[in-house]
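# Observations on chain architecture
Listed here are the chains, written in short residue letters.
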Amino acid sequence: MRRRRLRIALLALPALVGTVLTATTPAGADPADPTATAGSHRSHLEDREPVRLVRIQLAGADMMDRVVAAGFDLEHGLRRVPAGIEGEAVVTAAQVAELRAMGVRILGDAEGFAWSDDADGGLGASGARTVAPGHEPTAGHEQTVRIVRADWFTTKGQGFLYVEARTTEGAQSDPVVGMQLENDSGRGTPFGFARTMSRFVDSGQYMFHRNLFKLDTRPKQIRVTSSTGGVATGSVSDWLEDAPPPLTANPRYRWNFVDGYQHPQQLYGRAEEIARQYPDIAEIVYLPYRTNGYQRKAQATIGGTGEVAVVVSSAAWGHEGGNDITVELVERPGAGLPLQVEVAGSAVRVLLATDASGGLASTAAEVATALRTGSQGLIDRAHAYRGNAGTGVVAPTGGPVALTDFLDQLRAGAPEGEVPRGPATIPVLRIGKHRDGRKPGVLIQAQDHAREWVPATTTLETAERLVHNYRTDRETKKIVDDTDIFLILSNNPDGANYSFYNFASQRRNMTNHCPDENADPGRRDSWGVDLNRNYRVGSGHDGYAGASTSCVSNTYQGPEKLSEPEAKNIIWLVERYRNIKFMMSVHSNGGQLFWQPGAYIADGRITTPRPPLGDEAFYWQSAARILSQVKAYRETVVTPENVGGSSDVLYSSAGNVREDLYHTYGIYSFGWEVGGSVYNPATGNWQGGSFQPPWVGDPQLVSGHAETMEYANGIMEMFRIAAEWGRDRKDPTSRLVPGGGRYHRPVDVRFETSEPATIYYTTDGSRPTLESPRYQATEFREPGEVFHVTQTTTFKWFSVDAAGNIERDYDPTRRDRRDRYRTATITILRR
């Protein structure tokens, strides 16, 4: 009999209504080396202002949104701390002053945040109620404190305990409800080491309390007490402690192929070479939408920065003739002379007007108009400087001013060679023995953000491992035989080239959508669209937070959804190859692994739809496997606080690719911030990374090579997860706990499943279908809800696992005499 498999597009969760049930600047970035432009005179503002990386502290998500909307670059290195959010900002000296004026605290070159390791006595000094041992409330619908998670992990010889707990009184602000955490020292030992937990509030909404701190001995249990007397105890789980050995543990396994950072030409060249070398398992898919190109119009700002300044841009791209244009403002003797423009070849001369006494009379606005209308098509844009009215009378230039696209002004440390100008075609390296749509597809997308160099080398390293080990390593052969892998080594080649050659801190693509007030060449390092804010679901265009409407912001969302060819290509790819069921967008350097929800509307903190409990559990299960393989290389731990829905553990990022692919196409879509903080046993702190860490560096701390190898381990594990998903034909099983039966008083019940699975259920006697209520989490990041049953109730349900297998091969779409859904009746006896 054909097995029933189902993959469901998951949108809003149906609500259960009733009275019976109560659901309780990177390290590699160098300031540009100013060089003179071609021609006899320099235009003003050709030199960019030097930038530096500073550590900052923001009061919370609202302040972060305001700072990002103002155009500041705060995207990575962010960390929630008790006093708000700490992070890194790529800023000029003037911007430091502007941040201070906005209330942002500048921390300088601080190493980073470390949770307190000292027991502080908990809340005793602030009136916490003492609870006698043995009288703690039992788990149930009246409980006010719940332990969300308690995780133990080790790294480099040091143990850590991470705890999240939630109180139903957490939203209370007058007074704020505090939480105290205690732990034992193993089985049979008493609770002690009281610490006050940190309250986490985001966009005005209480999230939970949490702490990460060092311990030398693994605890068995913890106890959390609120300042109003609520108490909960819970067991401690291991995080990334029992990982199987990575593929690299096999002495015959070949790895460590990538020996340095690679720009897009190198990446694409190697992808095409792999396809030629291994035609039986690899090919190139060329994406249809060409990028807007590593190219700029030639420009000059003439006359300074005030009312007398004129900004001039060529009609042709710089490399196609724009760089040959000169503009000269000429003074002539005589009175009452008109404003005129002369053109000889690529030389434009503006003959300035004079007044009745022979004095200069042409304003900047008038000169700009004359250039636009009289340059015979050489000048495309001419306007006053940054929104000025251009009322000042301009002065002669004293000679021709050369226009330039500034792309020949290379940064210190730029690679050798020329960068191809013009639009680029992005190749996708497709690897798989059966590339016909039968096997589950996995899309790895690297370098949406140009300055993030490690994601590209990580993705290339995985490609090399796949093709070199296919014939000699059994596990690699299973991956290649059972999956269809799509690798985009750099999804932003224009921006990446600009980062390698011109401005290391470039994040976005190179497309200039700015109106005149932000179109002068002094803004050239601030143009472009954040490709990971340009998608359709949870978009800033629909009011979601975390994207900017400012064309000079590093999170600029673009003029409309899918305005950029790089984003259109991703949609084309997943619509063309419908077998793509998994996706990972690889970024750096935050040290996080996350999924949906990734965006929210700030007013009320309304997130995009959360995955149902089964998908959430599958994400967590997959994350543990992936991150265990990362840890196996050099004990790098991505901590639990940095895993989950990205808007819950970090911030809102409107219009990101993960939301679109999951909610529109049902693709399991991860976002991965490689790099990030690494524990430094020498200092006892977590040391932050950078977008372009030294390639060799300290192999135990900050190293581009080490990050490439360890995170390639994780991507290989993701391939194994996809291969197993494709082979999965086993139905899930589920049960109601404590189960059907006769009870003398109201009872708390919950569902349990044998594997990550979504449960659909009814309590009104009807057969369960895909439109029935889904079993939900008690609250986000928590296990399934507990139902408090107060009168006799019959539950009918079925479960669907992550691969689409339906329990008992039940068909929820049509009635059958052999309906195989599960049923249990809770009978409440009346006294």
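About the thresholds
Here the residue numbering is sequential within each chain, running from 1 through the sequence in written order. Side-chain atom pairs in this predicted model are given and counted only at pLDDT of 80 or more, local residue features only at pLDDT of at least 70, and totals for whole chains, interfaces and linings cover all residues. Hydrogens are left out, water is left out, and the side-chain values use all remaining heavy atoms of the structure. Helix and strand labels come from DSSP, where a helix needs a run of H or I of at least four residues and a strand needs a run of E of at least two; each type is numbered from the N terminus. For every residue, the accessible area (1.4 Å probe, protein chains only) is compared with the maximum for its type, and the residue is labelled buried under 20%, exposed over 50%, or partly exposed between those bounds. Computed with a 1.4 Å probe, the accessible areas rest on the Shrake-Rupley method; for each residue, only the protein chains presented here act as cover. Should DSSP find at least two bridges between two strands, the strands are taken to pair. Fitting a line to C-alpha atoms yields each axis, with helices limited to the stretch in contact; the angle taken between N-to-C directions then spans 0 to 180 degrees. We call two residues in contact when some of their heavy atoms are within 4.5 Å. Only the six-membered ring of Trp is used, alongside the rings of Phe and Tyr, when aromatic pairs are assigned; centres must lie within 6.5 Å, and planes under 30 degrees apart are stacked while those over 60 apart are edge-to-face, with the rest tilted. Here, a charge over a ring is recorded when the distance from Lys NZ or Arg CZ to the ring centre is within 6 Å and its angle to the ring normal is within 35 degrees. To estimate how far a helix should reach, multiply one less than its number of residues by 1.5 Å. Note on terminology: disulfide denotes any pair of cysteine sulfur atoms within 2.5 Å. Here the angle decides the label: under 35 degrees means roughly parallel, over 145 means roughly antiparallel, 65 to 115 means roughly perpendicular, and every other value means oblique. Handedness of each helix crossing follows the sense of rotation of the near helix against the far helix: counterclockwise by less than a right angle gives left-handed, clockwise gives right-handed. Side-chain classes are defined by residue name, with Ala, Val, Leu, Ile, Met, Phe, Trp, Tyr, Cys and Pro counting as nonpolar, Asp, Glu, Lys and Arg as charged, and the others, Gly among them, as polar. Salt bridge criterion: a side-chain nitrogen from Lys or Arg within 4 Å of a carboxyl oxygen from Asp or Glu. For our purposes a nonpolar core is just a set of buried Ala, Val, Leu, Ile, Met, Phe, Trp, Tyr and Cys residues, chained together by side-chain atoms within 4.5 Å. Polar contact is the term for a pair of N or O atoms within 3.5 Å; when the atoms are in protein, one must be able to donate a hydrogen and the other to accept it, and sequence-neighboring residues count only if both atoms are side-chain atoms.

As a further point, take the overall build of the protein chain. Helix and strand content of the protein chain: 12 helices and 39 strands. The buried share among the 831 residues of the protein chain stands at 59%. For the protein chain, the computed accessible surface area is about 31200 Å², with 48% contributed by carbon and sulfur atoms.

Each neighbour pair has its own omega, and for Ser588 with Asn589 the value is 5 degrees, a cis peptide bond. Of note, the bond from Val737 into Pro738 is cis; its omega dihedral lies within 30 degrees of zero at 10 degrees. Among the secondary structure elements, Pro738 is positioned in the loop between strand E33 (734-737) and strand E34 (741-743). With a phi close to 55 degrees, Leu562 is a non-glycine residue in the positive phi region.

Moving on, we get to the sheet that holds strand E7 (residues 179-183). One open sheet accounts for four strands, arranged E8-E7-E11-E12; its pairing is antiparallel. Looking along the sheet, the strands with just one partner apiece sit at the ends: strand E8 (192-196) and strand E12 (231-235). Shown here is a sheet whose adjacent strand axes are inclined to one another by a mean of 20 degrees, direction ignored. Looking at chain direction, strand E11 (residues 221-226) and E12 are connected through five bridges and run antiparallel. For Arg223, the partnering residue across the bridge sits in E12 and is Thr233.

Read across the open sheet, the three strands follow the order E15-E16-E20; overall the sheet is antiparallel. Edge positions in the sheet fall to strand E15 (297-302) and strand E20 (379-384), since each of these pairs with one other strand and no more. Across the sheet, the axes of successive neighbouring strands diverge by a mean angle of 15 degrees, strand direction being ignored. Bridging between strand E16 (residues 310-317) and E20 involves five bridges; their strand directions are antiparallel. From the neighbouring strand, Ser314 faces E20, where its bridge partner is Ile379. Relative to E20, helix H4 (residues 364-374) is tilted by about 170 degrees, and along the sheet it contacts E16 and E20.

Turning to the packing of aromatic side chains, a few remarks are in order. Summed over all chains, the structure comprises 36 aromatic pairs. Taken together, the aromatic side chains of Trp239, Phe582, Trp595, Phe618, Tyr619, Trp620, Tyr662, Tyr668, Phe670 and Trp725 make up a single cluster linked through ring pairs. The positively charged end of Arg149 is found above the aromatic ring belonging to Trp620, 4.3 Å away from the centroid. Across the ring face of Trp317, the terminal group of Lys297 is positioned such that the distance to the ring centre comes to 5.1 Å.

Here the focus is helix H5 (residues 454-469). At 3.6 residues per turn, the α-helix brings residues three or four places apart onto the same side. For H5, with 16 residues, the first-to-last C-alpha span of 22 Å sits near the 22 Å given by 1.5 Å per residue. The buried fraction of H5 amounts to 16 of the 16 residues, a majority that puts the element mostly inside the structure.

Let us now look at the state of the cysteines. Scanning all chains against the criterion turns up one disulfide. What pairs with Cys514 in a disulfide is Cys551, and their sulfur atoms sit 2.1 Å apart. Because the sign of the S-S torsion sets the handedness, a value of about 115 degrees for the bond joining Cys514 and Cys551 places this disulfide among the right-handed ones. Of the two residues, Cys514 sits in the loop between helix H7 (493-501) and helix H8 (565-576) while Cys551 sits in the loop between H7 and H8, which places them 37 residues apart along the sequence. The two residues Cys514 and Cys551 agree in class, both being buried.

Below, the discussion takes up the pairing of strand E1 (residues 52-58). Along E1, five of the seven residues are buried, which leaves the element largely enclosed by surrounding structure. Here E1 pairs with strand E3 (residues 84-91) via seven bridges, running antiparallel. Each bridged residue has a counterpart across the sheet, and for Arg55 the counterpart in E3 is Glu88. Bridge analysis of E1 against strand E4 (residues 105-108) gives three bridges, and the strand direction is antiparallel. In the sheet register, Ile56 faces E4, and the bridge partner there is Ile106.

The next point concerns the packing of helix H6 (residues 474-482) against helix H12 (residues 704-727). Two packed helices can be described by the angle between their axes and the distance between those axes. In contact at an axis separation of 9 Å, H6 and H12 are set at 60 degrees when each is read in the N-to-C sense. As far as their axial angle goes, H12 and H6 are oblique. Considering how the two elements wind past one another, H6 and H12 form a crossing that is left-handed. The residues of H12 that touch H6, namely those facing Glu475, Lys478, Ile479 and Asp482, are Met716, Phe719, Arg720, Ala723 and Arg727. Per-class residue counts for the contact of H6 with H12 are four nonpolar, no polar and five charged.

Burial analysis of H7 places nine of its nine residues in the buried class, the great majority of the element. Buried-residue contacts for H7 involve helix H3 (264-277) and H8.

This next bit is on the pattern of salt bridges. Counted according to the given criterion, the structure contains 43 salt bridges. Here Arg536 makes a salt bridge to Asp660, at a shortest N to O gap of 2.9 Å. You can see Arg536 sitting in the loop between H7 and H8 and its partner Asp660 sitting in helix H11 (residues 657-665), a full 124 residues away along the chain. For Arg536, a relative accessible area of 27% translates into the label partly exposed. Note on Asp660: relative accessible area 0%, which makes it buried. Through salt bridges with shared partners, one network takes in Glu475, Lys478, Arg625, Glu717, Arg720 and Glu724.

Within the secondary structure, Ala300 sits in strand E15. Classification of Ala300 as buried rests on a relative accessible area of 0%.

We now examine the environment of Cys514. Exposure remark for Cys514: the relative accessible area of 4% places this residue in the buried category. Along the primary structure Cys514 and Cys551 are separated by 37 residues, whereas in three dimensions their C-alpha atoms are 5.5 Å apart. In contact with Cys514, not counting residues within four places along its chain, are Arg381, Ala519, Trp527, Cys551 and Val552.

Before going further, it helps to spend a moment on the side chain of His263. By secondary structure assignment, the location of His263 is in the loop between strand E13 (237-238) and H3. If sequence neighbours within four positions are ignored, His263 has contacts with Pro415, Asn497, Phe500 and Tyr501.

Side chains of nonpolar character tend, in soluble globular proteins, to be buried together. Counting 97 residues, the largest nonpolar core has Leu429, Ile431, Met584, Trp672 and Phe719 as the members making the most contacts within it. For Met584, the residues in contact, after removing those within four places along its chain, are Leu443, Ile444, Gln445, Leu593, Ile626, Phe670, Trp672, Ile715 and Met718.

Our focus in this paragraph is the side chain of Arg149. If you trace the backbone, Arg149 turns up in strand E5 (residues 145-155). Polar side-chain contacts of Arg149 include one of 2.5 Å to the side chain of Asp151. Excluding its chain neighbours within four sequence positions, the residues that come into contact with Arg149 are Tyr162, Val163, Glu164, Trp239, Trp620, Pro640 and Arg781.

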